[in-house]
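Architecture and fold: a report
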Amino acid sequence: MSLHAPASASHPLDPLHAGRSRLPRNFCSGAWVATLTLPYLHHGGLAPDRKCRVYYHRLKSPVLSIAIVNITKGIVERTDDAPDSQGPVDWVEYDLVHKACLSNPQVLAEVAKLKLPPNARIENDPWSFGTDNLHERRRLFQCYMYLALNDDPESNHYSIPLPLAPIFDGNTLELVDLQRLPTGATDELDSETQPWDPVSAVEYSADLLGPNAFRKDLKPLQVVQPQGPSFAVQGRHIEWQKWSFQLGWNMREGPVLHDVRYDGRSLFYRVSMSEMTVPYGDPRSPYHRKQAFDLGDSGFGLTSNSLNLGCDCLGHIAYFNGIRVTSGGEPVVMPNVVCMHEVDDGIGWKHTNFRNGKSSVVRDRQLVIQCTATVANYEYILAFVLDQAANLHIDVRATGIVSTMPIRKGVQVPWGTVVAPGVLAVNHQHLFCLRVDPSLDGPKNTVVYEDCVPVEHEPKLNPSGCAFKVHTTPINKPGSYDLDLSKGRVFKILNESKINAIAGKPVGYKLHPVPSQMLMMGPETFNYQRGVFGSKPIWITKYRDDELWASGEFTNQSREDTGLAKWAVRDENVQDEDVVLWHSFGTTHVTRTEDFPVMPKERMMVSLKPVNFFNLNPSNDVPRSSQSDNKSTLYQNDSICCSAKPSRM
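Below: a short report on this structure. A quick note: this is a predicted structure, and the numbers were derived from the prediction, not measured.

About the criteria used
Residues numbered from 1 in each chain as written. Predicted model: local features only at pLDDT ≥ 70, side-chain atom pairs only at ≥ 80, totals over all residues. Heavy atoms only, no water. Phe/Tyr/Trp six-rings, centres within 6.5 Å; stacked < 30°, edge-to-face > 60°. Helix = DSSP H or I, 4+ residues; strand = E, 2+ residues; numbered from the N terminus. Buried < 20%, exposed > 50% of the residue type's maximum accessible area, 1.4 Å probe, protein only. Arc of directions from axis to C-beta. Contact = heavy atoms within 4.5 Å. Polar contact = N/O pair within 3.5 Å; in protein donor to acceptor, adjacent residues only side chain to side chain. Expected span 1.5 Å × (residues − 1).

**A short note on the packing of aromatic side chains**
Considering all chains together, one arrives at 19 aromatic pairs under this definition. Ring geometry for Trp127 against Tyr280: centres 5.9 Å apart, planes inclined by 70°, an arrangement best described as edge-to-face. Highlighted residues: Trp127 in strand S5 (residues 121-128) and Tyr280 in the loop between strand S13 (265-279) and strand S14 (291-293), separated in sequence by 153 residues. Tyr280 shares its class with Trp127; the two are buried. Seen from their ring centres, Tyr262 and Phe614 are 5.4 Å apart, and the 70° between their planes marks the pair as edge-to-face. One end of the pair, Tyr262, is in strand S12 (residues 254-262); the other, Phe614, is in the loop between strand S31 (599-611) and helix H9 (627-630), with 352 residues separating them in the sequence. Across this residue pair, the class does not change: Tyr262 and Phe614 are buried.

Take a look at the structure:
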């Protein structure tokens with residue numbers, strides 16, 4: 001069974017619904033809701049005006065413009081031009097560039113030199129151009145080209161990359177450069193495009209693989225909730241056990257959690273995935289320019305899948321729609337872009353009284369709010385996971401198909417792996433940035449870092465030499481900070497004005513980060529300058545309304561990070577203030593043959609856990625696990641004796 005949340009939006013933090021997304025035809029891109037709502041959330045009264053941010057181009061103008069539209073009053077409050085910036089990509093533009101590449105006479109003439117089979121189908125992926133030139137301000141796309149050998153809708157054209165990558169102007173759709181790709185270990189090119197050296201495609205399509213390719217010993221696994229789910233949905237307001245929150249969504253960030261509370265207590269004003277950059281480690285031109293910003297350039301919301309019942313989420317599912325707009329300003333409903341369901345994540349806690357064998361077991365029931373974004377060849381699965389111990393987890397999984405490029409047979413390079421005949425997958429990084437806007441028992445919070453250090457030079461206090469203590473450092477200025485595993489360093493968000501009656505310490509939440517290798521490129525590179533947020537794992541800033549995106553508002557063909565690189569160097573107080581915590585994390589993907597044709601998921605999980613926020617384990621009141629509820633069944637095997645009592649060790 002699936003539940004569909006109503007499309008109407010009545011809360012100031014809800015996404016815009018289709019009626020309110022219909023803007024004048026010269027407005028061509030989507031919007032974000034203004035966040036001036038704290039007085040309304042905490043004290044009630046009149047809701048603030050609904051506002052949205054709109055990106056648009058005037059007809060036949062290459063200049064990007066920005067408007068702030070007051071939807072409640074029906075007026076445009078402000079318009080500004082951003083002539084030095086490029087806005088994010090939309091699907092209409094992507095399709096126009098894709099078709100321009102496939103129909104361009106010069107491109108087709110170059111393709112003809114490959115002498116491809118007559119039934120071959122040519123494809124291309126338009127990539128945001130990246131940056132390697134301070135003076136290039138045209139809106140450019142580089143079209144990486146591929147060959148499909150059949151008409152199957154899941155044919156893996158990425159397994160036959162072609163040595164051509166034309167560059168098109170996104171505004172005029174004119175061919176700027178018909179760039180050929182190196183197929184050796186250097187930038188050196190053949191004097192002419194050479195005929196294709198035939199190889200077989202490496203497929204993943206079930207139809208192409210055929211029924212005999214699949215395992216025969218896998219039996220169905222079904223998730224059944226005979227009494228329905230434990231959550232309640234009212235519009236975009238979600239309640240699940242002691243949790244409550246507003247589920248937001250926008251084209252850039254995808255799902256967003258607003259006004260997150262536990263047992264009525266305020267925890268977080270806003271939690272979102274702020275940005276991600278993917279720099280590639282191939283020094284050959286044009287690959288040195290490959291650096292995607294998959295939120296700022298494309299958007300996790302815009303590229304979200306419409307999810308299918310029984311595939312992406314299992315069990316009793318609630319779906320939520322999204323809204324995008326066409327190039328003419330018309331709203332388009334994106335069905336089922338977020339799914340919500342409950343899962344069993346194993347044992348939450350357990351204790352057995354060893355004296356009498358009496359056990360108490362609590363299963364860890366979790367609520368999962370999930371989306372899947374397909375950014376050309378790659379998939380990102382983003383989930384917010386709430387559990388019964390008042391923990392909030394941010395679960396990120398990367399899968400899909402690695403970006404491929406042609407390589408001559410027998411050539412090896414140090415910055416990638418040959419994953420199929422003639423196919424190179426280059427080493428790269430996926431660096432995410434999570435934005436946490438806390439409101440722990442109120443909007444004024446402090447971030448501290450705590451190091452575990454040995455008690456030294458205090459023989460009276462530590463005569464046996466085994467003592468260690470926690471050294472706490474409050475952060476009072478914006479900045480960036482390192483993790484230090486040698487000191488067990490943790491970062492905590494505290495409300496210094498609220499003291500836990502049992503511990504005598506401020507209430508707080510602790511960040512459990514993903515320790516990661518930071519940005520590999522040096523400060524002299526455009527890769528670094530565009531994505532400074534990826535150089536440090538922790539950033540602290542003071543809250544300001546428009547500061548939502550780690551690399552700044554516009555990343556497409558950017559030349560510098562206009563986000564945390566600017567905000568984290570301001571001289572202002574962030575102690576006992578409205579503060580924002582940013583965590584950069586990710587994976588350095590050294591490619592392998594097992595990543596092809598489709599990569600097994602790479603999983604990363606960040607957690608926010610209470611620390612002295614409650615007076616005892618929040619899940620102590622969860623009903624104990626019982627067979628009467630779980631209705632487990634016994635595997636019948638005569639060689640296993642299940643009646644014997646376990647021996648005491």
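**Observations regarding helix H4 (residues 105-112)**
Considered for burial, the residues of H4 that qualify are Val107, Glu110 and Val111. Viewed along the axis of H4, the buried residues span an arc of 100°, placing them on a single side of the element. Pointing more than 90 degrees away from the buried face of H4 are the exposed residues Pro105, Gln106 and Ala112. At its buried positions, H4 is contacted by helix H3 (91-103), S5, strand S6 (140-148), strand S7 (164-169) and strand S8 (175-180). Its side-chain oxygen at 3.0 Å from the backbone nitrogen of Gln106, Asn104 defines the N-terminal cap of H4.

**Here we look at H3**
Counted at 1.5 Å a residue, the expected span for H3 with its 13 residues is 18 Å, and the 18 Å between its end C-alpha atoms agrees. Taken together, the buried positions of H3 are occupied by Glu93, Tyr94, Val97, His98, Ala100 and Cys101. The buried residues of H3 occupy an angular sector of 165° when projected down its axis, which confines them to one face. Packing partners of the buried residues in H3 comprise H4, S5, S6 and S7. The N-cap of H3, judged by a side-chain oxygen 3.0 Å from the amide nitrogen of Val92 a few residues on, is Asp90.

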